[in-house]
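Coordinate inspection notes
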Amino acid sequence: MVDIRTSTIEELATLLGRGGVSAVELLNSYIQAIQSEDKNYNAVAFLNPDAEKIALELDNERKNGFVRGPLHGIPILLKDNIDTADKMITSAGSIALNSNIAQKDAHLVDRLRGAGAIVLGKTNLSEWANFRSTRSSSGWSSRGGQVRNAYATDRTPGGSSSGSAVAVARGFCAGAIGTETDGSVVGPSSMNSIVGIKPTVGMVSRTGIIPISHSQDTAGPMARTVLDAATILSVISGYDPSDHSSAEFERAEEKKLFQDLQISEITPIMKLIIRGKKREFFSAIGRSLNILLPVENNTSTQSQKLSALWLSPDEWMIFSNETTDKNSNYNDCLLYTSPSPRDQ
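Residues numbered from 1 in each chain as written. Predicted model: local features only at pLDDT ≥ 70, side-chain atom pairs only at ≥ 80, totals over all residues. Heavy atoms only, no water.

1. Focus on the overall build of the protein chain
- Summing up its helical and strand segments, the protein chain has 9 helices and 12 strands in all.
- Burial status across the protein chain gives 51% buried among its 344 residues.
- Here the contacts in the protein chain between residues at least 6 apart in sequence split such that 69% fall between residues at least 24 apart. (Helix = DSSP H or I, 4+ residues; strand = E, 2+ residues; numbered from the N terminus. Buried < 20%, exposed > 50% of the residue type's maximum accessible area, 1.4 Å probe, protein only. Contact = heavy atoms within 4.5 Å.)

Written out as structure tokens, the structure is:
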């Protein structure tokens, strides 16, 4: 018998795929755990009243052969300073925001929903993400009260994403999202023996998150295993034009891709194999890129507007007349000048 509350996201995704459990059943298992045990820990601020409806819709999508990704039907908790455009409030733990309903999902929430994750609810936190007082208590807020450590309730749970950390540790969700300015993801993760990642600023959009510092704030995944945390991070990371740091991050990543590129001449079709790079580094197929291309035997650097076209192994052979490993897990990228090779 599988213990859902201690299963990894990968194990749960496999179980869901085999029909061993439905998203509704998985959701209800976590809700029952919260209702029976969280009185001792105070990790969860409130549950999403629409969660079961969402889980049912995701179950129907799976039955019809549509699976959005590795988080399809997986319940995730959010720190209560992250906007959700639903019936839940976003309070940052303050009674001053006790009726604050967001008009739009945070960028990361939109990505989670798009990947099939179920927003199970929101977690308690240090009020205003611990930007309240020089003598504040980690995990305490005027709205939610004190979060308790997952393994020793008389010890600190860490802050300020304490509720998210404790919820993961106690098996109240498959994974959670925290936010960090300085230690608020990695601290409570350490205190509660889970995995937390603070991404490079700009990798995950801050749009729709109650802020502290524009130069340090970021959201990050919190989970039982490194793989689970990486899985969540792969979903919530991505370019957001509304976040200046997101644009800066993408430009930096693009620069890394092309800094060692040497091209002997600019021709109508130029090809480049990019190994091990995610498609998200280019925000969409065919997005125009302005790249300065160093040209060999030329003292000047020519500027050429290019586009990126992601190809399957079969397409790569057609357009390049070269072979590539069909079992490769890498992405192949063809750089081209207008028009696209697919239009020729």
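2. Notes on the nonpolar core
- Among the nonpolar cores identified, the biggest contains 63 residues, and Ile-74, Leu-108, Leu-112 and Ile-177 are the most heavily contacted of them.
- Excluding its chain neighbours within four sequence positions, the residues that come into contact with Leu-108 are Ile-82, Ile-177, Val-204, Ser-205, Ile-209, Ala-219 and Ile-236. (Core = buried A, V, L, I, M, F, W, Y, C linked by side-chain atoms within 4.5 Å.)

3. Some remarks on helix H5 (residues 162-169)
- Most of H5 sits inside the fold, with 8 of its 8 residues counted as buried.
- Those residues of H5 that are buried are in contact with strand E2 (75-79), strand E3 (118-123), strand E6 (175-180), helix H6 (186-191) and strand E8 (218-223).

4. Re the side chain of Ser-160
- Take Ser-160: it is sitting in the loop between strand E5 (145-146) and H5.
- Residues in contact with Ser-160, not counting those within four places in the same chain, are Lys-79, Leu-125, Ser-126, Ala-129, Asn-130, Thr-179 and Ser-184.

5. Quick word on the pairing of E2
- Extensive coverage of E2 is indicated by the burial of 5 of its 5 residues.
- Judged by which residues are buried, E2 turns out to be covered on both faces: Pro-75, Leu-77 and Lys-79 on one side and Ile-76 and Leu-78 on the other are all buried.
- Direction of pairing for E2 relative to E3: parallel, over a ladder of 5 bridges. Within the sheet, the bridge partner assigned to Leu-77 lies in E3 and is Gly-121.
- Note on the crossover from E2 through helix H4 (residues 107-114) to E3: the handedness is right-handed.
- Pairing analysis gives 3 bridges linking E2 to E6, with the strands arranged parallel. Looking across to E6, one finds that Leu-77 is bridged to Ala-176. (Pairing = 2+ DSSP bridges. Right-handed = clockwise from strand over helix to strand, strands pointing away.)

6. What about helix H1 (residues 9-18)?
- When H1 is considered as a whole, its buried residues turn out to be Ile-9, Leu-12, Leu-15 and Leu-16. One face of H1 carries all of its buried residues, which in axial projection span an arc of 125 degrees. What points out from H1, more than 90 degrees from its buried face, is the exposed set Gly-17 and Arg-18.
- Against helix H2 (23-37), helix H3 (51-63) and helix H7 (226-236) lie the buried residues of H1.
- A positive backbone phi angle near 80 degrees is found at Gly-19, which sits one or two residues after H1. (Arc of directions from axis to C-beta.)

7. Focus on the pattern of salt bridges
- For the coordinates displayed, the defined rule picks out 7 salt bridges.
- One salt bridge in this structure joins Glu-37 and Arg-5, with 2.8 Å as the shortest N-O distance. With a gap of 32 residues between them, Glu-37 in helix H2 and Arg-5 in the segment before H1 connect regions that are remote in the sequence.
- For Glu-37, a relative accessible area of 21% gives the class partly exposed.
- A residue is classified by how much of its surface remains accessible, and Arg-5, at 22% relative accessible area, is partly exposed.
- Between Arg-113 and Asp-86 there is a salt bridge whose closest N-O contact spans 3.1 Å. Here Arg-113, found in helix H4, pairs with Asp-86, found in the loop between E2 and H4; they are 27 residues apart in sequence, far enough to count as distant. (Salt bridge = Lys/Arg side-chain N within 4 Å of Asp/Glu carboxyl O.)

8. Topic: the pairing of E6
- Most of E6 is tucked away: 6 of the 6 residues are buried.
- By the alternation rule, side chains of E6 split into Gly-175, Ile-177 and Thr-179 and Ala-176, Gly-178 and Glu-180, which are all buried.
- Relative to E8, E6 is paired through 5 bridges, and the arrangement is antiparallel. Its bridge partner being in E8, Glu-180 is matched across the sheet by Thr-218.

9. Describing the environment of Ala-92
- As for its placement among the helices and strands, Ala-92 is situated in the loop between E2 and H4.
- Assessed through its relative accessible area of 1%, Ala-92 is described here as buried.
- Among residues more than four places away in sequence, those in contact with Ala-92 are Asp-80, Asn-81, Leu-125, Ser-126, Glu-127, Trp-128 and Ile-210.

10. Here's the deal with the confidence of the model for the protein chain
- Summarising the model, the protein chain shows a mean pLDDT of 80, and 73% of its residues fall at 70 or more.
- Here residues 260-344 scores under 50 on pLDDT; set against residues more than four positions off or in separate chains, the count is 162 contacts. (pLDDT = per-residue confidence, 0-100.)

11. Topic: the sheet that holds E6
- Ordered by their spatial adjacency, 6 strands build an open sheet running E1-E3-E2-E6-E8-E7, and the pairing between neighbours is mixed. Edge positions in the sheet fall to strand E1 (44-47) and strand E7 (195-196), since each of these pairs with one other strand and no more.
- Strand direction decides the pairing type here: E1 and E3, joined by 3 bridges, are antiparallel. Paired with Leu-47 across the strands is Gly-121, a residue of E3.

12. Examining unusual backbone geometry
- Here the bond from Gly-159 into Ser-160 is cis, since omega is 0 degrees, no more than 30 degrees from zero.
- Of note, Ala-92 is a non-glycine position whose phi angle comes to about 55 degrees, a positive value.

13. Section: the side chain of Thr-231
- With respect to the secondary-structure elements, Thr-231 resides in helix H7.
- In terms of polar contacts, Thr-231 uses its side chain to reach the backbone carbonyl oxygen of Leu-227, at 2.8 Å.
- Not counting the four nearest positions on each side in its chain, Thr-231 is found in contact with Ile-9, Pro-70 and Leu-71. (Polar contact = N/O pair within 3.5 Å; in protein donor to acceptor, adjacent residues only side chain to side chain.)

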